[in-house]
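Read off the chains here:
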Amino acid sequence: MARILVTGGTGYIGSHTTVELMQAGYDVTIVDNLMNSNIDVLDGIAAIVGRRPDYENIDCLDYVALDKMFEKYADIVGIIHFAASKAVGESVEKPLLYYRNNLNSLINLLELMPVHKVKHIVFSSSCTVYGQPDADHLPVDETAPIKPALSPYGNTKQICEEIIHDAIHAKSPITAIILRYFNPIGAHPSALIGELPNGIPNNLLPYVTQTAMGIRKELSIFGNDYNTPDGTCVRDYIDVVDLAKAHVVALKRMIDGKQDDKIEIFNLGTGRGLSVLEIVETFKRVNNVDVPYKIVGRREGDIEQVWAKPDKANKVLGWKAERTIEETLRSSWQWQQHLNNMQKPD
Ligand code: UDP
């Protein structure tokens, strides 16, 4: 069976995708420098799948090390590129770090692909490229205009998409699928892998689970005066396992030569918008646990409401988000409990 390179494979979405790839029969080489993840994730993957992915501790900025890695694993046929810096706030403070990490990693891979005859790449992008879509573009499909990015992080996603376009336009012998994620949440149903936030979480779900666990005193809900049904922001929360499966389908589409274009773009979401309050209340109900919260002021740069029109992915990829929000929110809580048990002293 073919081998896939997963950069950032010990990260949140990367680890879940590695599991789905291996369960679909692919061999996987993970390249990760562990700057925002933990090596123990490999044990979690092995416990779920029953075999270990190959792992190389390489920074994707290191062209020479990547080159050697491609020589070592000469059977790599495709890449799923997750490795990137992803904290929006940090990117505002350290823009050059973000541009260097996110752009140069991709450029290294795109340069090395033809050298090693690797034909296919899946690029992990984000719905942030749409900014706040106009009312007539909600839900958002892939034709919605790209808005100026609100952060260097968002800008790196836009520029990376353009880099891939330009490389293919210049007749690079590769094909690409760009996946624009909405809000990935949840964890593997085994509770053996999940999201491992660094320090105080920025994202909603890790903050909710840590508050439920008593690690944080209360959740701050950023604003309830938005023009939405209950005043809190609306997002399209997509289960991380559903998201991971979309990567396997996208890769297979390229390997099977089924693409309509050498570069294709898909929105990955559920098609359902949920408010912050709906998430918190559903989490409390399905897990029978309290989440103390207070309403505070709006968070700078937050988008009021955005959710996906996933019809293109549904029809063309034959992929659909399947897990219910209740299942997903249960899996988040189970993962938080697993983490808590792991971290308890003996
Ligand atoms: N949010 C919140 N409190 C938090 C973290 C997030 O109210 O501690 C809200 C945030 O304002 C947004 C939603 O939850 O409306 C999702 O935020 P997240 O940072 O997870 O994703 P993104 O902003 O990238 O959509």
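See the structure shown above.
This text gives an overview of the structure that appears in the document. Predicted, not measured: the structure shown is a model, and the values here were computed from it.

The rules we used
Residues numbered from 1 in each chain as written. Predicted model: local features only at pLDDT ≥ 70, side-chain atom pairs only at ≥ 80, totals over all residues. Heavy atoms only, no water. Near = heavy atom within 4 Å. Polar contact = N/O pair within 3.5 Å; in protein donor to acceptor, adjacent residues only side chain to side chain. Areas by Shrake-Rupley, 256 points an atom, 1.4 Å probe, with all protein chains shown as cover. Helix = DSSP H or I, 4+ residues; strand = E, 2+ residues; numbered from the N terminus. Nonpolar A, V, L, I, M, F, W, Y, C, P; charged D, E, K, R; others polar. Pairing = 2+ DSSP bridges. Axes fitted to C-alpha atoms, helices over the stretch in contact; angles between N-to-C directions. Expected span 1.5 Å × (residues − 1). Buried < 20%, exposed > 50% of the residue type's maximum accessible area, 1.4 Å probe, protein only. Phe/Tyr/Trp six-rings, centres within 6.5 Å; stacked < 30°, edge-to-face > 60°. Lys NZ or Arg CZ within 6 Å of the ring centre and 35° of its normal.

Some points on the site of the ligand
Then comes step 1: With respect to spatial proximity, 15 residues lie near the ligand, and among them Asn183, Leu204, Ser220, Arg235 and Asp302 are the closest.
Then comes step 2: Phenylalanine 222 is positioned such that a nitrogen or oxygen atom in its backbone is 3.0 Å from an oxygen atom of the ligand.
Then comes step 3: Between the ligand and the protein, one listed contact pairs an oxygen atom with a side-chain N or O atom of arginine 235 at 2.6 Å.
Then comes step 4: If the ligand stood free it would expose 520 Å²; the protein chains cover 87% of that surface.
Then comes step 5: Ranked by the residues each element gives to the shell around the ligand, the list is headed by strand E8 (residues 219-222), at four residues.
Then comes step 6: Taken together, the residues of the shell around the ligand break down into eight nonpolar, four polar and three charged.

Considerations on the sheet that holds strand E6 (residues 175-181)
Then comes step 1: Strands sit in the order E3-E2-E1-E4-E5-E6-E11 across an open sheet of seven strands; the sheet is parallel. Strands at the two margins of the open sheet, each flanked by one partner only, are strand E3 (54-56) and strand E11 (263-268). Here the strands of the sheet are splayed against their neighbours by 20° on average, with no regard to which way each runs.

Describing helix H5 (residues 95-115)
Then comes step 1: Here H5 is 21 residues long and its end C-alpha atoms lie 31 Å apart, about the 30 Å a rise of 1.5 Å per residue gives.
Then comes step 2: Those residues of H5 lying buried are Tyr98, Asn101, Asn102, Leu103, Ser105, Leu106, Asn108, Leu109, Leu110, Leu112 and Met113.
Then comes step 3: Two residues or fewer after H5 comes lysine 117, characterised by a positive phi angle close to 55°.

Points about the packing of aromatic side chains
Then comes step 1: Summed over the entire model, instances satisfying the criterion amount to one aromatic pair.
Then comes step 2: When the centroid spacing of 6.0 Å and the interplanar angle of 80° are considered together, the rings of phenylalanine 283 and tryptophan 333 count as edge-to-face. You can see phenylalanine 283 sitting in helix H9 (residues 276-287) and its partner tryptophan 333 sitting in helix H11 (residues 325-343), a full 50 residues away along the chain. Comparing phenylalanine 283 with tryptophan 333, the two get one shared label, buried.
Then comes step 3: Between the NZ or CZ atom of arginine 298 and the centre of the ring of tyrosine 226, over which it lies, the distance is 3.9 Å.
Then comes step 4: Residue placement shows lysine 312 over the ring face of phenylalanine 266; its charged tip is 4.8 Å from the ring centre.

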